[in-house]
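Here is how the chains run, residue by residue.
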Amino acid sequence: MSLSGTTPEPEIELLSHGEPLARDRVDVAGLFAEHHLGLVRLALLMVGDQATAEDVVQEAFARTHAGWRRLRDPDRALTYIRSAVLNGARSVLRRRAVAFRRAVPYEPPVWSAEHAALLGEERREVLVALRDLPGRQREALVLRYYLDLSDLEIAETMGIGASTVRSTLARGLAALARKLGEES
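Residues numbered from 1 in each chain as written. Predicted model: local features only at pLDDT ≥ 70, side-chain atom pairs only at ≥ 80, totals over all residues. Heavy atoms only, no water.

Colleague: Please provide a residue-by-residue account of the environment of leucine 176, values included.
Modeller: With respect to the helices, strands and loops of the structure, leucine 176 is situated in helix α9 (residues 162–180). The exposure class of leucine 176 is buried, given its relative accessible area of 13%. Once the C-alpha coordinates of leucine 176 and leucine 141 are considered, the two residues, 35 residues apart in sequence, prove to be 9.8 Å apart. Ignoring anything within four residues of it in the chain, the contact list for leucine 176 reads Val126, Ala129, Leu130, Leu133 and Leu141. (Helix = DSSP H or I, 4+ residues; strand = E, 2+ residues; numbered from the N terminus. Buried < 20%, exposed > 50% of the residue type's maximum accessible area, 1.4 Å probe, protein only. Contact = heavy atoms within 4.5 Å.)

Colleague: Tell me about helix α6 (residues 121–132), residues and numbers included.
Modeller: Two residues of an α-helix separated by three or four positions point the same way, owing to the 3.6 residues in each turn. Between its first and last C-alpha, α6 extends 17 Å over 12 residues, near the 16 Å set by a 1.5 Å rise per residue. Regarding α6, the residues found buried are Leu127, Ala129 and Leu130. Buried positions in α6, seen along its axis, are confined to an arc of 165 degrees and lie on one side of it. (Expected span 1.5 Å × (residues − 1). Arc of directions from axis to C-beta.)

Colleague: Outline the pattern of salt bridges, listing residues and values.
Modeller: Under the counting rule described, the total for this entry stands at five salt bridges. One salt bridge connects glutamate 139 with arginine 90, and the closest N-O pair in it is separated by 2.6 Å. With glutamate 139 in helix α7 (residues 135–145) and arginine 90 in helix α4 (residues 77–102), this pair connects stretches of sequence that are 49 residues apart. Exposure remark for glutamate 139: the relative accessible area of 5% places this residue in the buried category. For arginine 90, a relative accessible area of 21% gives the class partly exposed. Between arginine 166 and aspartate 151 there is a salt bridge whose closest N-O contact spans 3.5 Å. A residue pair is termed long-range when its members are at least 10 positions apart, and arginine 166 in helix α9 and aspartate 151 in helix α8 (residues 151–158) qualify at 15 residues. (Salt bridge = Lys/Arg side-chain N within 4 Å of Asp/Glu carboxyl O.)

Read these as geometric descriptors, not functional statements.
Written out as structure tokens, the structure reads:
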């Protein structure tokens, strides 16, 4: 209660007539419904297990929803979420690296016989070779060939230049070919 005996009015943020509500500008629920599965698959390729991938994507969407007012360009919300998923995957991999140095070595999840049979031996070999690539090359290749993003979209998502994307993709493909024994 205030000194006058009435309860204070809550502070209200006023918008001008022409300014749309932030929730009208960013449809986080719509983005979630449309892109959740693809982003989980992206995270799965980065971190190697389904549960962690789902956690990374869920956290990215939760942070986006909580901070939608701070988005500078609502039209780029998907790019922001993709970047958040990549950053979350990087954080998971960093924590795993620290845990690896301190404790028993981390071993990637073992593919079950059923899963390996469904995927096929060739696809498994590609995933193993992809996992052995340096992080930036792996990220660029996954964004290009899994999400089918352009150089510019990859550059925005990873926070690097388009020319760096092209050179990273070229080096990643060459390294992948060497690992798979497909050099010409």
